[in-house]
Amino acid sequence: MVKKMSDLMMQIEKSVRNMLESAPCAGHDITHTLRVRNLCIHIGNIEGGDHEILESASLLHDIGRPAEFKDPGADHAIISAQLAPGILTATGFPAQKIPAVVYAIEHHRYSSGVTPDSLEARILQDADRLDISGALGAAMTFAYSGAMDRQLYHSSDPLAEHRQLDGNEYALDHILSKLIHLPGSMHTSTARRLAGERNIFLKQFVDQLVSEI
Ligand SMILES: [Fe+2]
Ligand SMILES: [Fe+2]
């Protein structure tokens, strides 16, 4: 019997929960994955794209995170892309769509600097970046920095007026070097608009943080 797509997605979500809920991931936990899934569906409803590819790729995009957390030299996008086909096949996901899901997962990273060829991959990149472009981005940055034993900010030059920003040393530097610029990196106009709204809060947060320092 052919499974209903909603049952299949629930099965994929269950597998992802099993993989992420038990593993340390420093802010990049299952709640990020579920928000990215919701953002992908929202953006896809406006911009188009294959709903099944979008939902499955977003659910699976960060399953390689725990492996990268253990070994910072590993690339979680590649690991997620390698793990995804096994899960998709086990659930009975349409085989002809698996390469498109794998492609989107492989290309979801901000740091890859790549503009993907497919609409679904561009929407996943947008949703992933949108989730870290406002209040949640700041929260996740501080959680990750804490797990990595990094400092909140540079003690004498928090805004890096006389030094290079270093997101690997200071949480605030990560916000200033990456998160604050995310709206300009969006591919779709829907994500660009939403990221612009979140960016207003993020800039206010940085202003307030610096004034308190
Ligand atoms: Fe990721
Ligand atoms: Fe992500």
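Residues numbered from 1 in each chain as written. Chains lettered and ligands numbered in written order. Predicted model: local features only at pLDDT ≥ 70, side-chain atom pairs only at ≥ 80, totals over all residues. Heavy atoms only, no water.

### A closer look at the domain arrangement of the protein chain
Then, number 1: The domains assigned to the protein chain are domain 1 (1–110) and domain 2 (132–213).
Then, number 2: Put simply, the middle of domain 1 and the middle of domain 2, counted by C-alpha atoms, are 26 Å apart.
Then, number 3: Taken together, the 12 residues of domain 1 in the interface contact 15 residues of domain 2.
Then, number 4: Together, Ala26, Glu47 and Tyr110 form the three largest contributors to the area buried by domain 1 at its contact with domain 2, with a combined 39%.
Then, number 5: Where domain 1 meets domain 2, there are zero salt bridges.
Then, number 6: There are two residue pairs in polar contact (both at pLDDT 80 or more) connecting domain 1 and domain 2.
Then, number 7: It is helix α2 (residues 30–47) that provides the largest number of residues to the side of domain 1 that touches domain 2, a total of seven residues. (Domains from an automatic or database assignment. Contact = heavy atoms within 4.5 Å. Buried area = accessible area lost by both parts, 1.4 Å probe. Salt bridge = Lys/Arg side-chain N within 4 Å of Asp/Glu carboxyl O. Polar contact = N/O pair within 3.5 Å; in protein donor to acceptor, adjacent residues only side chain to side chain. Helix = DSSP H or I, 4+ residues; strand = E, 2+ residues; numbered from the N terminus.)

### Comments concerning the coordination of the iron ion (ligand 2)
Then, number 1: At 2.2 Å from the iron ion (ligand 2) lie its protein donor atoms, namely His32 (NE2), His61 (NE2), Asp62 (OD) and Asp128 (OD).
Then, number 2: Given four donor atoms and angles of 85 to 175° at the metal, the environment of the iron ion (ligand 2) is assigned as irregular.
Then, number 3: Of note, the donors binding the iron ion (ligand 2) are all from one chain and are spaced H-x28-H-D-x65-D.
Then, number 4: Between the two metals, the iron ion (ligand 2) and the iron ion (ligand 1), the spacing is 3.4 Å, and Asp62 donates to both. A residue pair is termed long-range when its members are at least 10 positions apart, and His32 in helix α2 and Asp128 in helix α7 (residues 119–130) qualify at 96 residues. Across the pair, exposure class does not vary: His32 and Asp128 are buried alike. (Donors = N, O, S within 2.8 Å, 3.2 Å for Na, K, Ca; no water. Tetrahedral: all angles 85-135°; square planar, octahedral: opposite > 155°, others 65-115°. Buried < 20%, exposed > 50% of the residue type's maximum accessible area, 1.4 Å probe, protein only.)

### Description of the packing of α2 against helix α10 (residues 189–212)
Then, number 1: For the pair α2 and α10, the least separation of the axes is 9 Å and the interaxial angle reads 130°. It follows that α2 is oblique to α10 by the angle criterion. On α10, the residues that touch Leu39, His42, Ile43, Ile46 and Glu47 of α2 are Ser189, Thr190, Ala191, Leu194 and Arg198.
Then, number 2: A class-by-class count of the residues in the contact of α2 with α10 yields five nonpolar, three polar and two charged. (Axes fitted to C-alpha atoms, helices over the stretch in contact; angles between N-to-C directions. Parallel < 35°, antiparallel > 145°, perpendicular 65-115°, else oblique. Nonpolar A, V, L, I, M, F, W, Y, C, P; charged D, E, K, R; others polar.)

### Considerations on the coordination of the iron ion (ligand 1)
Then, number 1: Summarising the metal site, the iron ion (ligand 1) is bound by the protein donors Asp62 (OD), His76 (NE2) and His108 (NE2), whose distances to it range over 2.1 Å.
Then, number 2: Ordering the donors of the iron ion (ligand 1) by residue number gives the pattern D-x13-H-x31-H.
Then, number 3: Look at His108 and you get buried, because its relative accessible area is 1%.

### Some remarks on α7
Then, number 1: When the terminal C-alpha atoms of α7 are compared, their 16 Å separation across 12 residues agrees well with the 16 Å that a helix rising 1.5 Å per residue should span.
Then, number 2: The buried count for α7 comes to 10 of 12 residues, which makes it a mostly enclosed element.
Then, number 3: For α7, the full list of buried residues reads Glu120, Ala121, Ile123, Leu124, Gln125, Asp126, Ala127, Asp128, Arg129 and Leu130.
Then, number 4: Residues of α7 that are buried sit in contact with α2, α3 (51–60), α6 (98–106) and α10. (Expected span 1.5 Å × (residues − 1).)

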